[in-house]
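So the chains spell out like this:
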Amino acid sequence: MSSAHAIATPHAATLLAPSATGIPNGKLGMWVFLASEVMFFTGLIGAYIVLRMGHPAWPGSEGHLSVPIGTVNTLLLICSSTTIVLALAAAARGAMAAMRGWLLATIILGSSFLVIKGFEYAAKFSHHILPSTNLFWACYFTLTGFHALHVLGGILFNLWILAYTAQAASWSTRGHRLELAGLYWHFVDIVWIFLFPMLYLFN
Amino acid sequence: MTGGHAASVRLYWIIWGWLAGLMLLGVVLSELNVLPISTRGIVTIVVALSTIKAALVALYYMHLKADRRLLALIILAPLLLIALALGVLFSSALVRL
């Protein structure tokens, strides 16, 4: 077998083989990517803290953000973190039907989060609240907008993994990516764990 | 389901309970003013609760607790930079006061 062919049809054992670090390359790459994502969101959150601390009269949401809706959305993401780790546990014991169910539940919960966020955005726009309204809303739309894009990316990643489960051959070579999708999804959850109190509770 | 798998699934549900409970506790503390402390005190407590939740997700759901130490070091690097940045930020704020 030529090396080019070996790359074109990688075997799961090759993909999962520990590298010099003892960690599969894909997993190591995902963690390095997440470390860079931590810095990305820290830049945004840091800017928010600097602006808020330096502002003599911080405008705040002025009652235009619903804490119950934010709480429900936070609960959805916490539940989705649990369902994707349960999908990984089901995959580890070879329970494919359960794995598909938990992964589908994760996708539905993540999509519900985005739908609720969409309704929130629509309500703001209908009240003529835009990023240009004041500093608070500029920060709100920037932080939640980038986070929502990450949620969307996570949903697409999970859908991609779900598509692998339809074919045994695809799953045997690419199934390990479920763990990578899970790591990314948990990161998205962690970011929201900090954004929710910052934007909804500390007003 | 083997004993090991069953135990890990049970642990995931326990962590879910803690995450949901701590989140609701943060909402109650900040919205209902049940503690006779300043707003700054409430903010500190809620941020601490968020940090605990993030740590639970990282340690148990992302398996950092049982995984290779190198992965923890990779994610620790940006956290140290964040601590440094926040230290500079808050120390400069204290100087202004």
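Our structure's up above, just so we're on the same page.
Residues numbered from 1 in each chain as written. Chains lettered and ligands numbered in written order. Predicted model: local features only at pLDDT ≥ 70, side-chain atom pairs only at ≥ 80, totals over all residues. Heavy atoms only, no water.

S.K.: In this structure, what is going on with the overall build of chain A? I would like to understand it.
M.R.: On a plain count of helices and strands, chain A comes out with eight helices and zero strands. Going from the N terminus to the C terminus, chain A shows its helices and strands as α-α-α-α-α-α-α-α. Overall size of chain A, expressed as C-alpha extent along the three principal axes, is 70 × 35 × 25 Å. Taking all 203 residues of chain A together, the buried fraction comes to 48%. Long-range pairs, those at least 24 residues apart, make up 77% of the contacts in chain A with a sequence separation of at least 6. Within the structure as shown, chain A displays about 8700 Å² of accessible surface, and the carbon and sulfur contribution to it stands at 72%. (Helix = DSSP H or I, 4+ residues; strand = E, 2+ residues; numbered from the N terminus. Buried < 20%, exposed > 50% of the residue type's maximum accessible area, 1.4 Å probe, protein only. Contact = heavy atoms within 4.5 Å. Areas by Shrake-Rupley, 256 points an atom, 1.4 Å probe, with all protein chains shown as cover.)

S.K.: Help me understand the side chain of H150 of chain A, please; the structure alone is not making it clear to me.
M.R.: Residue and element names in this part refer to chain A. Among the structural elements, H150 can be located in helix α6 (residues 135-164). A residue is classified by how much of its surface remains accessible, and H150, at 11% relative accessible area, is buried. For H150, the side chain forms a polar contact with the main-chain oxygen of F146, separated by 2.8 Å. Those residues in contact with H150 that sit more than four places away from it in its chain are E37, F40, F41, Y184 and V188. (Polar contact = N/O pair within 3.5 Å; in protein donor to acceptor, adjacent residues only side chain to side chain.)

S.K.: Just to check I follow, could you spell out the interface of chain B and chain A for this structure?
M.R.: As a measure of interface size, the accessible area lost when the parts come together is often cited. Every contact between the two is made by 41 residues of chain B and, on the other side, 42 residues of chain A. Taken together, the two surfaces of chain B and chain A that pack against each other cover about 3600 Å², and 84% of this comes from carbon and sulfur. Area buried by chain B at its contact with chain A is led by M23, Y61 and M62 of chain B, which between them contribute 16% of it. At the junction of chain B with chain A, the criterion picks out one salt bridge. In this structure, the salt-bridge partner of D67 of chain B is K27 of chain A, at a minimum N-O distance of 2.6 Å. If you list the elements that add at least two residues to the side of chain B that touches chain A, you get α1 (3-32), α2 (39-61) and α3 (69-96) of chain B. For the side of chain B that touches chain A, the element with the most residues is α1 of chain B, which contributes 13 residues. Of the residues contributing to the side of chain B that touches chain A, the split by class is 31 nonpolar, six polar and four charged. (Buried area = accessible area lost by both parts, 1.4 Å probe. Salt bridge = Lys/Arg side-chain N within 4 Å of Asp/Glu carboxyl O. Nonpolar A, V, L, I, M, F, W, Y, C, P; charged D, E, K, R; others polar.)

S.K.: What should I look at first to understand the packing of helix α5 (residues 96-126) of chain A against α6 of chain A in this one?
M.R.: Residue and element names in this part refer to chain A. The N-to-C vectors of α5 and α6 enclose an angle of 155°; their axes lie 10 Å apart at closest approach. When the axes of α5 and α6 are compared, the pair comes out roughly antiparallel. The way α5 lies across α6 gives a crossing that is left-handed. Looking at the contact of α5 with α6 residue by residue, the class counts come to 17 nonpolar, seven polar and four charged. (Axes fitted to C-alpha atoms, helices over the stretch in contact; angles between N-to-C directions. Parallel < 35°, antiparallel > 145°, perpendicular 65-115°, else oblique. Left-handed = near helix turned anticlockwise from the far one by under 90°.)

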